[in-house]
Amino acid sequence: MSQYTKPGAERLNLAAKHTVSEGIPPRIFLVLQGGGALGAYQAGVYQALDEAGLRPEWVIGTSIGAINAALIAGNRPEARVEKLKEFWRAVQFGFAPSMVAKTPMIGAQMANWLTMAHGLAGFFTPNPFAFASTSWPLGAENAGYYRTGPLKKTLSELVDFNTIKDGGCRLTVGAANVRTAKMHYFDSRDQQLDVRHVMASGALPPAFPPVQIDGDLYWDGGILSNTPVEAVFDDYPRRSALVFAVHIWNPSGPDPETIADVLHRQKDVTYSSRAESHIARQQQIHRMRHFIAELAARLPPSERAKPEVEEMAGYGCLTQMHVVRLLAPAMEGENHGKDVDFSERGIRTRWEAGLENTRAVLARAPWADPADPLEGFVLHEANAGMTPVKTRRSDAAGSPAAGGKKAAAPVTAARRIVAS
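Quick caveat: nothing in here was measured; it's all calculated off a predicted structure. All residue numbers refer to position in the chain's written sequence, counted from 1. Only residues with pLDDT of at least 70 are given local features in this predicted model, and only at 80 or more are side-chain atom pairs given and counted; all residues enter the totals for whole chains, interfaces and linings. The basis for the side-chain values is all heavy atoms of the structure; hydrogens and waters are excluded.

Asks: Explain empty space enclosed by the protein here, please?
Replies: A water-sized probe rolled over the atoms picks out the places where empty space is left. A cavity, in this analysis, means grid points on a 1 Å lattice covering only the protein atoms where a 1.4 Å probe fits yet has no way out; a pocket is instead an open set bounded by protein on both sides within 12 Å along at least five of seven lines, and a residue lines either one if it has an atom within 4 Å of a point. Grid points are joined across faces, edges and corners, and a volume is the space filled by probe spheres set on the points. The final tally for this structure, using the stated rule, is 4 cavities of 30 Å³ or more. Quantified by volume, the largest cavity comes out at close to 50 Å³. Together, 10 residues line the largest cavity, and Val229, Ala245, His247, Ile279 and Arg325 are the ones closest to its centre. Helix numbering and strand numbering both begin at the N terminus, where a helix is a DSSP run of H or I of at least 4 residues and a strand a DSSP run of E of at least 2. Among the secondary structure elements, those contributing two or more residues to the lining of the largest cavity are β9 (241-247), α12 (275-297) and β10 (321-327). Each residue gets one of three labels, nonpolar for Ala, Val, Leu, Ile, Met, Phe, Trp, Tyr, Cys and Pro, charged for Asp, Glu, Lys and Arg, and polar for the others, Gly among them. Partitioned by chemical class, the residues of the lining of the largest cavity number 6 nonpolar, 3 polar and 1 charged.

Given below as structure tokens:
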């Protein structure tokens, strides 16, 4: 059971029913998966939300999703997109990998190898002792093939943790407890967060060493739950919301026919983190909560007043969550090394895909359509992820990640949901 769930504590209140489908301005939540370089797509998603005036009050992330989430929550609204751009510029390939990446056929793979050999200037550097021998005594907090001091410096410069403390935007990051193998969510609502919590969420073994917090070591939360939606669905008190869940690993794919295909598909299957089953389960749970609430409302007042009935009714809930699932499209020709493709072109292409996909779904505003009042979980699929996106060789100056601007698509429908 999640650390957020408090069964029986919530009491039925029919007068407090708020649903997106009834036209009441919802709360906006943003949920971000882990996935290394694929996280550039998430930055594009946020830029589109920002253009539409949709500012999340809660951002939840794991791994690179936690980093993007911290960049959003840890800055004033008007500075967030620029800080995201600064981060993604800081972690781009250096000169040598960028040149090698242009080599036909094998360039992308060679650039990835160079990155793994030499690191990324704003992210990580090799730990030579780890490469020397797998038995070399490194110490628990140095047990990784790379050192993440550069990432700590980058985040410390770009994220203002006092802004997070002030509570303008709630931040939650997921990490795996090394000793207990339990998922733990560090939440700015419950404690003051600092750079260690974000670093812990992105400490993917064996590449990166664990991070110690309050006497415990933590690894990347993606090894237990790479899609941290349970933090939203199990939160207490439950609240109606419009949830943008950004998935960057494709849960569906063709049968692999080569070893390269196997390596690629294996990563997608592993890190999509049972997203489909999570969603199906949450739909069942939320529908059951609505049924309990409706049944409790049909009881005579004398029965509802009994303590044991009140406790049972507490499992009922009339909140409604509209979940927009944005699935990042595959890039043409990508392979199992796509999550370390920190090339300027790869970052730009994924950022622009997130921007365009989100503009399109905001223009449709599917959450404004009538919904079954018994459904507590209404899923809206944005199946962009099924169509490969071609990389474009336009110069960096016009790309979002490089600071260029593009005209925003109409977002009239999106603005309706935040109109007072």
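Asks: I keep staring at the pairing of strand β8 (residues 216-220) and nothing clicks. Help me out?
Replies: As a general feature of sheets, a regular strand has side chains that alternate between the two faces. Pairing between strands requires that DSSP locate at least two bridges from one strand to the other. In this structure, strand β5 (residues 170-177) lies alongside β8, joined through 3 bridges in antiparallel fashion. If you follow Ala176 over to β8, its bridge partner there is Trp219. Counted between consecutive antiparallel strands, the loop separating strand β7 (residues 211-213) from β8 contains 2 residues, among which Asp214 sits at a positive phi close to 50°.

Asks: Please clarify how the side chain of Asn68 should be interpreted in this entry.
Replies: Tracing the backbone through its elements, the reader meets Asn68 in helix α2 (residues 64-73). Pairs of N or O atoms within 3.5 Å make up the polar contacts considered here, provided that, within protein, one atom can donate a hydrogen while the other can accept it, and that residues adjacent in sequence are counted only when both atoms are side-chain atoms. One polar contact links the side chain of Asn68 to the main-chain carbonyl oxygen of Gly39, over a distance of 3.1 Å. A polar side-chain atom of Asn68 sits 3.1 Å from a polar atom in the side chain of Trp88.

Asks: What's the story with the pairing of β5 in this structure? I'm lost.
Replies: Remark: exposure states derive from per-residue accessible area (1.4 Å probe, protein chains only) relative to the maximum for the residue type, with buried under 20%, exposed over 50%, and partly exposed in between. For β5, the buried fraction is high: 8 of the 8 residues fall into the buried class. The two faces of β5 match: Arg170, Thr172, Gly174 and Ala176 on one face and Leu171, Val173, Ala175 and Asn177 on the other face are all buried. Across 4 bridges, strand β2 (residues 58-61) lies against β5 in parallel orientation. Paired with Gly61 across the two strands is Val173, which belongs to β5.

Asks: Help me out: how do you make sense of helix α7 (residues 149-158) in this one?
Replies: Owing to its 3.6 residues per turn, the α-helix aligns residues three or four sequence positions apart on the same side. Every buried residue of α7 is accounted for by Pro150, Leu151, Thr154, Leu155 and Leu158. For α7, the arc enclosing every buried residue in end-on projection is 130°, short of the 170-degree limit, so these residues lie on one face. Among the exposed residues of α7, those oriented more than 90 degrees off its buried face are Lys153 and Glu157. The inward-facing, buried residues of α7 contact α2, α3 (80-90), β3 (125-126), β4 (146-147) and α9 (195-201). The directions considered for the arc run from the helix axis to the C-beta atoms. The contact rule is simple, with two residues in contact once any of their heavy atoms fall within 4.5 Å.

Read these as spatial facts, not as claims about activity.
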